[in-house]
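Structural description and commentary
Letter by letter, the chains look like this.
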Amino acid sequence: MIQAILVFNNHGKPRLVRFYQRFVKEIQQQIVRETFHLVLKRDDNICNFLEGGSLIGGSDYKLIYRHYATLYFVFCVDSSESELGILDLIQVFVETLDKCFENVCELDLIFHMDKVHYILQEVVMGGMVLETNMNEIVAQIEAQNRLEKSEGGLSAAPARAVSAVKNINLPEIPRNINIGDLNIKVPNLSQFV
Amino acid sequence: MALKMVKGSIDRMFDKNLQDLVRGIRNHKEDEAKYISQCIDEIKQELKQDNIAVKANAVCKLTYLQMLGYDISWAAFNIIEVMSASKFTFKRIGYLAASQSFHEGTDVIMLTTNQIRKDLSSPSQYDTGVALTGLSCFVTPDLARDLANDIMTLMSHTKPYIRKKAVLIMYKVFLKYPESLRPAFPRLKEKLEDPDPGVQSAAVNVICELARRNPKNYLSLAPLFFKLMTSSTNNWVLIKIIKLFGALTPLEPRLGKKLIEPLTNLIHSTSAMSLLYECVNTVIAVLISLSSGMPNHSASIQLCVQKLRILIEDSDQNLKYLGLLAMSKILKTHPKSVQSHKDLILQCLDDKDESIRLRALDLLYGMVSKKNLMEIVKKLMTHVDKAEGTTYRDELLTKIIDICSQSNYQYITNFEWYISILVELTRLEGTRHGHLIAAQMLDVAIRVKAIRKFAVSQMSALLDSAHLLASSTQRNGICEVLYAAAWICGEFSEHLQEPHHTLEAMLRPRVTTLPGHIQAVYVQNVVKLYASILQQKEQAGEAEGAQAVTQLMVDRLPQFVQSADLEVQERASCILQLVKHIQKLQAKDVPVAEEVSALFAGELNPVAPKAQKKVPVPEGLDLDAWINEPLSDSESEDERPRAVFHEEEQRRPKHRPSEADEEELARRREARKQEQANNPFYIKSSPSPQKRYQDTPGVEHIPVVQIDLSVPLKVPGLPMSDQYVKLEEERRHRQKLEKDKRRKKRKEKEKKGKRRHSSLPTESDEDIAPAQQVDIVTEEMPENALPSDEDDKDPNDPYRALDIDLDKPLADSEKLPIQKHRNTETSKSPEKDVPMVEKKSKKPKKKEKKHKEKERDKEKKKEKEKKAEDLDFWLSTTPPPAPAPAPAPVPSTKSPKPKKKKHRKEKEERTKGKKKSKKQPPGSEEAAGEPVQNGAPEEEQLPPESSYSLLAENSYVKMTCDIRGSLQEDSQVTVAIVLENRSSSILKGMELSVLDSLNARMARPQGSSVHDGVPVPFQLPPGVSNEAQYVFTIQSIVMAQKLKGTLSFIAKNDEGATHEKLDFRLHFSCSSYLITTPCYSDAFAKLLESGDLSMSSIKVDGIRMSFQNLLAKICFHHHFSVVERVDSCASMYSRSIQGHHVCLLVKKGENSVSVDGKCSDSTLLSNLLEEMKATLAKC
């Protein structure tokens, strides 16, 4: 079983936190911090398995991690998982991210935490490995994205429009617009779509 | 409306989405918290809106904030709202948020059951998928129970995507709702051979997880897994299976033998390191399980060790680590083969990687022998000095202690050396393991009698240097050692060289800065010391010396009396009074030493840690019974959840008198002294010069300069362990020389005798004799202690509940709960076509079911036996020499599928039941089904009544029968005839011939004429009864009728066979055409209003039976059900096999009952009422 999957950057900022066992949120944050400190002080050329420390109570559990550029991917697993298998799984996960985001970088994870979760959900479910075949994972994610797009319609359109507006760097958009303004703005919006 | 929609979406565009939130947080680095709280306020506003898109967006942002550590539990309800959105986009957001934030304590979680059920059965596979994924994270026992059946259905979904998710989530369901394991297991097993590799992998995954916790229940799956192992190419699956075999082999050594061959082949052939490693691991497990039975597997061990050496020597640190890990497993059973790689392992101790060093340390544990212990520990001690980081150093420390103390100090030849190692370890700065060292000191001193003298001298030196230990800046665990030191010096004070010196050391004022529990030990042991000094002095006749010691005690003890720690204070004041008394006696020249030392006479024996637990409970003692009634509101101890991530903080002693307390205490002490001095009435104890000295600022007020010494201090008088190593070497050398001499002599003798006896001059452990004659006292256990070793099991282990025998056939009661409609009194009528279950008509079926169950049981039993045989057979065959083993016989998948859709299956079953019914054994004759009262409150129960009535009887046979309307076919009734053999003959060749009437015809086998008898499908041995069922077709049911019939049979006994006959009359009453059908009050009212029913009524007097029982009787005998009951008035309903509605209004007066009936057929009604009258008249 996989106990937890943590992704954080070189400064310990969490990018993805997924626990498969319940911890109160304070403990969760503490675990992320401690894991970060444990992993940080390890060179890149030493082994990717970690045990002991005050973090992990049982000898049954191990931290298995990989370090990619600015990100650490840490899996906390028990002895039923193969260590090398999990290392491979991390690789599969990262490669999948790379395919889905097209040259994934930390920024993708920062701004699309939800999407990263959806991808992870196709790899690991409830602490158990669901799929290890990358093509299958990517296919399912793309199918779901298509489904989302097809549903998009009304609700997604303005959002996209707005992010387009925002990307032009408009200084500040007034939040309280009266109805009169609204009526004028609606037709204009469709041009952005 | 449209405007509102537009407005909603426009509003939405100006809400922040997740990206905006992230961007905003990044732009507000300085006041992040403030910004986020502002965002949370906005989110709260958004959640109040009606637009689901806005809500979903808000929940999405909350999920992000949750990751940053913000509490989002307040939004649980909103999350559920978003989960129930119809669009996948939103639903997915909702489920993600739920999976991140919901847990068993979330109270709104129970609201999700129906939503999840709906999503699970959604036509879109992604809706189902997202619900399954979400559920896997927050499933609770309630959810598991309610949804188990739905999930199980999904295991056979057409889409593999859903199947694999459903299979995986079953594991979580099992954990939360263990009862589901047995019903679901057959299907889970089927999935092992699913055509889709993903589903297969999921099933393997789940079974491996299950089997890991309770392997013995899964042994029967071994052949199946073996087949998978030899056929699968998916490394992930292979690894899981191989790991599973590793867990199974300890239980079945024969399995191991079978496995070795294919595993070694895999080891040779595979290129995947992960697979190779797991293979090696499992081979090791096999070898361990075989090690007792089969000695000759050296080739396999060699292969493993050799492969592992390659791993360890690899430049990849991961492989090195795993190699060491696996090596430590071999070590347990084949230490010899590992010991030859000692060089490699010692080399790893110097690795820059801490994980690898730790693993190497583990290996050392098993590699020590009497010969190399000192050497290895010496190496470790140098590592201790070098180690940076307390964690690793602490690890080293515990390892040293582990290594030395393993199996009752088996490898220690020189305990002086060990004690000095322990003393050296006390110089470690900042270790957390002071208590460990202390425990070792105590243990050794108590159990190794020969070492006590030496130990005491070392401990007194430690006590003397106590200031060193206690004054180190971070006063931490290490002062625990003083606890042991003080106790040892006190308890074995007779060995002390300079007891007086030690006594003074223990009474130093600095001692009061130690933690309370240590001070308490000091106080107690000071007295022991004192007692032994007194004895010495008195024996030597030094009365003055004795008095001086007493005076010292009287002077110094008050500092403990003032301690803030209760224990210390109490002990000290007790002892102070005692010593004062002794002082008085001494003044009178009374010898006291004998009596004082009598306080501590006798030896304390070590007690095994588990001893208390093992004391058997005396008979008749109930430990769980309350002695007194418990207090109503007892405070429950807060139970800490045993988490994986947990700090070991509780271990640190908490007794640390804070600095402030001490000052406060000193201040008060001063004030009190002042007051006492000024108080003329205060009687002071006899003043002494020392006392006055005490009154002046005490030693504790002298400022102590703390010296930070980075070099480990060499305590004078403490021998270094190193010198023991040298001494030991010399000693051994001497021993060896002597031995060699002896051996030479012997050899010469042997040579002379010309005997060829090759005694290899190996230097085994046994050759080294310990330096001291060590007498290790074993720990005491209570008499007749229970030998069980159950104490390791954690009663709270969640996996324990899953220890369920899976080979046992499923019982009828083992079904997953199905959601049922609840019958409330004024419930609305359900859809027309839903066939309602009624107990009455179910009864015969129940019997059938039971019967079938029995048969199935038998089948299963056979199958199981067969399976067990299969397993035995499969295991017994010697491993085939060819790499491809013969395909293993796969246990059939005949196992019964648990019934899930009871209602729907009913029909099939009934028809099946009919065909099978001829083999029916008689069920118990008592009516199994209590009368059904639809919504009627249950008051008292009628005595069980039989619906079977006597048909005919003679000296051979008794016939009873029951006639019931058939639900399936219109105008048919089933007649169940029970035949009981009352004679001592066997009855066979039974035939039933019934004369058909115009109205009623017996259903006969095809091709037989009306006049032929119908054979009874069984024989009856003496005393046995059995039931046969026959179907009759009725044309008109408005009248009761009788059919004549004859049972002919051959009665055979020892004297011969006779042909016998028994005539009977089948009485088809009108009631027997009725089928108990529940009816809802609204439908009932409509029926009465419709006006096309004819009416009739009867009245019966002289009835004393309670109304409740009366209704029950009508229900039972006439197949009615209660629609509504108000006081002593009830409406009842039934339906005939031809669809006539019969409505009754039953009213009870004082001593009478009146029944008004309405029915679509007046003849039927009047006949029914007549029958009812007869029944009621009997009441």
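Use the structure listed above.
It should be emphasised that the depicted structure is a prediction, and the values quoted were computed from it without experimental measurement.

Quick word on the overall build of chain A
- Along the backbone of chain A there are six helices and seven strands.
- The helix and strand sequence of chain A, counted from the amino end, reads β-β-α-β-β-β-α-α-α-β-β-α-α.
- Out of the 193 residues belonging to chain A, those deemed buried represent 54%.
- In chain A, the proportion of contacts linking residues at least 24 apart, taken out of those at least 6 apart, comes to 51%.
- Carbon together with sulfur atoms contributes 52% to the accessible area of chain A, which is approximately 8,600 Å² in total.

Thoughts on the overall build of chain B
- Helices and strands together make up the secondary structure of chain B, namely 43 helices and 15 strands.
- When each of the 1179 residues of chain B is scored for burial, the buried share is 49%.
- At a minimum sequence separation of 6, the contacts of chain B that also span at least 24 residues come to 72%.
- Approximately 59,600 Å² of chain B is accessible, and the part contributed by carbon and sulfur atoms is 51%.

Considering unusual backbone geometry
- Phi angles above zero are rare outside glycine, and Glu102(A) is one such case at about 55 degrees.
- Along the polypeptide, Glu102(A) turns up in the loop between helix H2 (83-101) and helix H3 (106-111).
- Residue classification places Glu102(A) among the exposed residues on the basis of a relative accessible area of 65%.
- The phi angle at His1119(B) is positive, at roughly 60 degrees, despite the residue not being glycine.
- In this structure, His1119(B) sits in the loop between helix H42 (1107-1118) and strand E12 (1121-1126).
- Classification of His1119(B) as buried rests on a relative accessible area of 7%.

Examining the side chain of His341(B)
All names here are of chain B.
- Assignment of secondary structure puts His341 in the loop between helix H19 (335-339) and helix H20 (342-349).
- By relative accessible area, His341 is classed as buried at 12%.
- In contact with His341, not counting residues within four places along its chain, are Val305, Arg309 and Met327.

Structural notes on the pairing of strand E15 (residues 1153-1159) of chain B
Residue and element names in this part refer to chain B.
- Counting buried residues in E15 gives six out of seven residues, a clear majority hidden from the surface.
- Bridging between strand E11 (residues 1094-1100) and E15 involves seven bridges; their strand directions are antiparallel. Bridge assignment links Ser1096 to a residue of E15, and that residue is Gly1157.
- Relative to E15, strand E14 (residues 1141-1148) runs antiparallel, the two sharing seven bridges. Across the sheet, residue Leu1145 finds its bridge partner in E15, namely Asp1156.
- Turn length for the E14-E15 hairpin, with the two strands adjacent in sequence and antiparallel, is four residues.

Some points on a nonpolar patch on the surface
Residue and element names in this part refer to chain B.
- A cluster of nonpolar residues, Phe77, Met110 and Leu111, forms a patch on the protein surface that exposes about 350 Å² of accessible area.
- By the element assignment, Phe77 lies in helix H5 (residues 76-83).
- Given a relative accessible area of 46%, Phe77 falls into the partly exposed group.

Quick word on the packing of H2(A) against helix H16 (residues 273-290) of chain B
- Look at H2(A) against H16(B): their axes get within 8 Å of each other, and the N-to-C directions meet at 160 degrees. With respect to each other, H2(A) and H16(B) are oriented roughly antiparallel. With respect to the hand of their crossing, H2(A) and H16(B) are arranged in left-handed fashion. Along its contact with H2(A), which presents Glu83(A), Leu84(A), Gly85(A) and Asp88(A), the element H16(B) presents Met273(B), Ser274(B), Tyr277(B) and Glu278(B).
- A class-by-class count of the residues in the contact of H2(A) with H16(B) yields three nonpolar, two polar and three charged.

Some words on the packing of aromatic side chains
All names here are of chain A.
- Across all of its chains, the model carries 17 aromatic pairs over all chains by this definition.
- On the basis of an interplanar angle of 85 degrees and a centroid distance of 5.6 Å, the ring pair of Phe8 and Phe36 is categorised as edge-to-face. Residue Phe8 is located in strand E1 (residues 2-9), and its partner Phe36 is located in helix H1 (residues 25-40); the two are separated by 28 residues in the primary sequence. This pair shows no difference in class: Phe8 is buried, exactly as Phe36 is.

Concerning the sheet that holds strand E5 (residues 1000-1002) of chain B
Residues and elements named next belong to chain B.
- If you walk across this open sheet you meet the five strands as E1-E2-E3-E7-E5, and the pairing is antiparallel. Looking along the sheet, the strands with just one partner apiece sit at the ends: strand E1 (949-953) and E5. Averaged over all pairs of adjacent strands, the angle between their axes in this sheet comes to 30 degrees, without regard to strand direction.
- Relative to strand E7 (residues 1025-1034), E5 is paired through three bridges, and the arrangement is antiparallel. Bridged to Arg1001 within E7 is Thr1033.

A word on the nonpolar core
- By size, the foremost hydrophobic cluster in this structure holds 295 residues, and its most contacted members are Ile2(A), Phe138(B), Phe225(B), Phe245(B), Tyr418(B), Leu425(B) and Met441(B).
- Among the elements that make up this core, the one with the highest residue count is helix H30 (residues 516-540) of chain B (12 residues).
- Here Tyr418(B) is in contact with Ile401(B), Cys404(B), Ser405(B), Tyr409(B), Ile412(B), Gln440(B) and Val444(B), once residues within four sequence places are set aside.
- Leu979(B), Phe1032(B), Phe1049(B) and Leu1066(B) belong to the second-largest nonpolar core, a separate cluster that totals 37 residues.

So, the environment of Glu1171(B)
Residue and element names in this part refer to chain B.
- Relative to the elements of secondary structure, Glu1171 occurs in helix H43 (residues 1162-1177).
- Look at Glu1171 and you get buried, because its relative accessible area is 16%.
- In this structure the C-alpha to C-alpha distance between Glu1171 and Ala1040, which are 131 residues apart in sequence, comes to 9.5 Å.
- Residues within four places of Glu1171 in sequence aside, it is in contact with Ala1040, Ser1069, Cys1070, Ser1071 and His1118.
- A polar atom in the side chain of Glu1171 sits 2.7 Å from the side chain of Ser1071.

Calculation rules
Residues numbered from 1 in each chain as written. Chains lettered and ligands numbered in written order. Predicted model: local features only at pLDDT ≥ 70, side-chain atom pairs only at ≥ 80, totals over all residues. Heavy atoms only, no water. Helix = DSSP H or I, 4+ residues; strand = E, 2+ residues; numbered from the N terminus. Buried < 20%, exposed > 50% of the residue type's maximum accessible area, 1.4 Å probe, protein only. Contact = heavy atoms within 4.5 Å. Areas by Shrake-Rupley, 256 points an atom, 1.4 Å probe, with all protein chains shown as cover. Pairing = 2+ DSSP bridges. Patch = residues over 30% accessible without salt bridge, like charges linked within 9 Å, V, L, I, M, F, W, Y side chains within 5 Å. Salt bridge = Lys/Arg side-chain N within 4 Å of Asp/Glu carboxyl O. Axes fitted to C-alpha atoms, helices over the stretch in contact; angles between N-to-C directions. Parallel < 35°, antiparallel > 145°, perpendicular 65-115°, else oblique. Left-handed = near helix turned anticlockwise from the far one by under 90°. Nonpolar A, V, L, I, M, F, W, Y, C, P; charged D, E, K, R; others polar. Phe/Tyr/Trp six-rings, centres within 6.5 Å; stacked < 30°, edge-to-face > 60°. Core = buried A, V, L, I, M, F, W, Y, C linked by side-chain atoms within 4.5 Å. Polar contact = N/O pair within 3.5 Å; in protein donor to acceptor, adjacent residues only side chain to side chain.

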